[in-house]
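Below, each chain spelled out in residue letters.
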Protein chains: 2
Amino acid sequence: MSKVLTIGRLAEATGTSVETIRFYEKSGILPSPARTDGNYRSYEPAHLNRLSFIRRARELGFSLDQVKELLRLSDDRSQSCAAVDDIAKLHRTEVERKISDLLSLKTELDRIIDTCRCGTVADCRIIESLSPADAARSEGDVTA
Amino acid sequence: MSKVLTIGRLAEATGTSVETIRFYEKSGILPSPARTDGNYRSYEPAHLNRLSFIRRARELGFSLDQVKELLRLSDDRSQSCAAVDDIAKLHRTEVERKISDLLSLKTELDRIIDTCRCGTVADCRIIESLSPADAARSEGDVTA
DNA sequence: GTTAGACCCCGTAGTCACTATGGGGTTGAG
DNA sequence: CTCAACCCCATAGTGACTACGGGGTCTAAC
Ligand SMILES: [Zn+2]
Ligand SMILES: [Zn+2]
Ligand SMILES: [Zn+2]
Ligand SMILES: [Zn+2]
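Each value, and the rule that gives it
- Residues numbered from 1 in each chain as written.
- Chains lettered and ligands numbered in written order.
- Predicted model: local features only at pLDDT ≥ 70, side-chain atom pairs only at ≥ 80, totals over all residues.
- Heavy atoms only, no water.
- Donors = N, O, S within 2.8 Å, 3.2 Å for Na, K, Ca; no water.
- Tetrahedral: all angles 85-135°; square planar, octahedral: opposite > 155°, others 65-115°.
- Helix = DSSP H or I, 4+ residues; strand = E, 2+ residues; numbered from the N terminus.
- Buried < 20%, exposed > 50% of the residue type's maximum accessible area, 1.4 Å probe, protein only.
- Near = heavy atom within 4 Å.
- Polar contact = N/O pair within 3.5 Å; in protein donor to acceptor, adjacent residues only side chain to side chain.

Enquirer: Before we go on, may I ask you to explain the coordination of the zinc ion (ligand 2) in this structure?
Expert: Where a metal carries four tetrahedral donors, each ideal angle is 109.5 degrees; where it carries six octahedral donors, the ideal angles are 90 or 180 degrees. Each protein donor to the zinc ion (ligand 2) is listed here as Cys116(A) (SG), Cys124(A) (SG), Cys81(B) (SG) and Asp85(B) (OD); together their distances run 2.2 to 2.6 Å. Between the 4 donor atoms coordinating the zinc ion (ligand 2), the angles at the centre fall across 85 to 136°, so the site counts as irregular. Taken as a pair, the zinc ion (ligand 2) and the zinc ion (ligand 1) show a spacing of 3.2 Å, with Cys116(A) coordinating each metal. A residue pair is termed interchain when its members come from two chains, as with Cys124(A) in the loop between α5 (82–114) and α6 (125–130) and Cys81(B) in the loop between α4 (64–75) and α5 (82–114). By relative accessible area, Cys124(A) is classed as buried at 1%.

Enquirer: In this structure, what is going on with the protein's contact with DNA strand D? I would like to understand it.
Expert: In the vicinity of DNA strand D, 20 residues are found, and the nearest of them are Gly8(A), Arg22(A), Arg41(A), Tyr40(B) and Arg58(B). Within 4 Å of the protein, the contacting atoms of DNA strand D are 82% sugar and phosphate, with bases supplying the remainder. In this structure, a phosphate oxygen belonging to DNA strand D sits 2.8 Å away from a side-chain N or O atom of Arg35(A). For DNA strand D, a phosphate oxygen lies 2.7 Å from a polar atom in the side chain of Arg41(A). Broken down by secondary-structure element, the contributors of at least two residues to the surface near DNA strand D are α1 (7–14) and α2 (18–27) of chain A together with α2 (18–27) and α3 (45–59) of chain B. Examining the composition of the surface near DNA strand D, we find that 3 residues originate from one element, α2(B), more than from any other.

Now the structure itself:
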């Protein structure tokens, strides 16, 4: 069993955890490899390539479904790459939207945090910003 | 039952779904209200305020655990707001890190997407960028 | 009075991409 | 032979909901 590409060695080679590799197999994104006499998984170089592809795409934020589709498309090497481009561009759009959302969020957090004069909770601008505008302090406090 | 603040009205008033309100109650972040004869939840104004606080904090990206802590701190109104500030600043740091990660990601997606000449999959720069550098095309293709 | 529809109840399972736990079998070196 | 390191599998947990299924309740029109 010295030259066999075990799950541990594949994990090491791709920077993936063993559990994640088994999870990919169960998810159907990484094909089931052959087994040794002792029922250990025995991977081929093709598995290493495929797993590297998956990990790289995941690093770039593609969902597992998108990765599946990219892998499927990459099998049909003579076809137009338009479908590939579509997936990538859609993903980029989502990333741009997330960035824009987070930037607005940061602006708001900055505004809230910077107005706090560091007194008591009663005067805290952060708590105040979170509380509903018409929360009468006498009754109907935020505490239910 | 005309003036009772039912779960549906509370949902309407706060822009929350009924299921989410029940989920908040089960999570222990929104206290269990009284029940009517027909076993319907009957909310007080304090519930409305508390739920508004929760929704606002969630909009700002605080986790439910952070919201719980913010609510706990906001009960002790004579205390220093330092702990509140800590939570908010920690959250802001996390948001900044996410923005920075997504910006690098977008840069890389731009680089990958813009090099594609829109030919066949065999020539697609996107697929190429995802494939491992030393994937010999003859054998050990990305297809396992 | 009854029936239709809108509302409410509860528990459970599903989402996403893993991660963790537990209890066992296999391998390789000393 | 023993022991650690590795591997197997199934199940449950994460966060913050969302969806589903199978019922009970309320109101108003007929
Ligand atoms: Zn402060
Ligand atoms: Zn403060
Ligand atoms: Zn193209
Ligand atoms: Zn392309």
